[in-house]
Amino acid sequence: MKNYDRTEMIFQSDSIHIRRDEYKTSNKVIINKDFVDHPGSVLIIGVRREKILFVNQWRQPVRRNTIELPCGTLNSGEETLVAADREFREETGYAAKKYESIGRFFVAPGYSSEITEYFIAQDLYESPLTPDIDEDIKLEEFTLKEAFNLIKSNKIIDQGTISALNIYKSIL
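Here the structure is a predicted model, which is why all the values come from computation and not from measurement.

1. Quick word on the nonpolar core
Step number 1: The biggest cluster of nonpolar side chains holds 21 residues, and the ones touching the most others in it are Leu-43, Ile-45, Ile-52, Phe-54, Leu-69, Ile-156 and Leu-165.
Step number 2: When residues of this core are traced back to their parent elements, those giving at least two are strand E4 (41-48), strand E5 (51-59), strand E9 (115-126), helix H2 (144-152) and helix H3 (159-171).
Step number 3: Examining the composition of this core, we find that five residues originate from one element, H2, more than from any other.
Step number 4: Apart from residues no more than four positions distant in its own chain, Ile-45 is found in contact with Ile-52, Leu-69, Ile-102, Phe-119, Ile-120, Ala-121, Ala-164 and Tyr-168.
Step number 5: Leu-74, Ala-84, Phe-88 and Tyr-99 belong to the second largest nonpolar core, which has 13 residues in total.

2. A few points about the sheet that holds strand E3 (residues 30-37)
Step number 1: With respect to topology, three strands assemble into an open sheet ordered E1-E2-E3, the strand pairing being antiparallel. Each having just a single partner strand, strand E1 (6-12) and E3 make up the two edges of the open sheet. This sheet shows a mean twist of 20° between the axes of neighbouring strands, independent of strand direction.
Step number 2: By the bridge criterion, eight bridges tie strand E2 (residues 17-24) to E3 in an arrangement that is antiparallel. Of the residues in E3, the one forming a bridge with His-17 is Asp-37.

Parameters and conventions
Residues numbered from 1 in each chain as written. Predicted model: local features only at pLDDT ≥ 70, side-chain atom pairs only at ≥ 80, totals over all residues. Heavy atoms only, no water. Core = buried A, V, L, I, M, F, W, Y, C linked by side-chain atoms within 4.5 Å. Buried < 20%, exposed > 50% of the residue type's maximum accessible area, 1.4 Å probe, protein only. Helix = DSSP H or I, 4+ residues; strand = E, 2+ residues; numbered from the N terminus. Contact = heavy atoms within 4.5 Å. Pairing = 2+ DSSP bridges. Axes fitted to C-alpha atoms, helices over the stretch in contact; angles between N-to-C directions.

The structure is reproduced here in structure tokens:
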């Protein structure tokens, strides 16, 4: 169902596009608003020797290091399973014999079309890929209990990581 009268692309880069939509609300008010068109992303929960793999990395938009589950943006036309394997290998140096999807979720539907698919990586083995040029990653490992303590102490602040860990805990 088309719910806009007009749309125009106002900015494009390799990773995001910003579009301006003109649309009418249910009470007939005309709105002009900008939205982020995003190709989608993946997030991976990898467990090695009963500890979950995390990445500690600088995040320029928030100007601080964050502790997150490995994640990343899909390349144009890339399948999520392929992206999950690529991102996991780039960020952790490990691959998995099996990736299991546990759901797809909008990141911020109020302003972005980005959907992140969460995967559990099972039966890990070393298989590194060269990280992206802007990634300076320190690999860290925590038990699920330790990870929840890091959430409680505001050391893990990424909503995707927090969401994924809660889903993971619920299916154990």
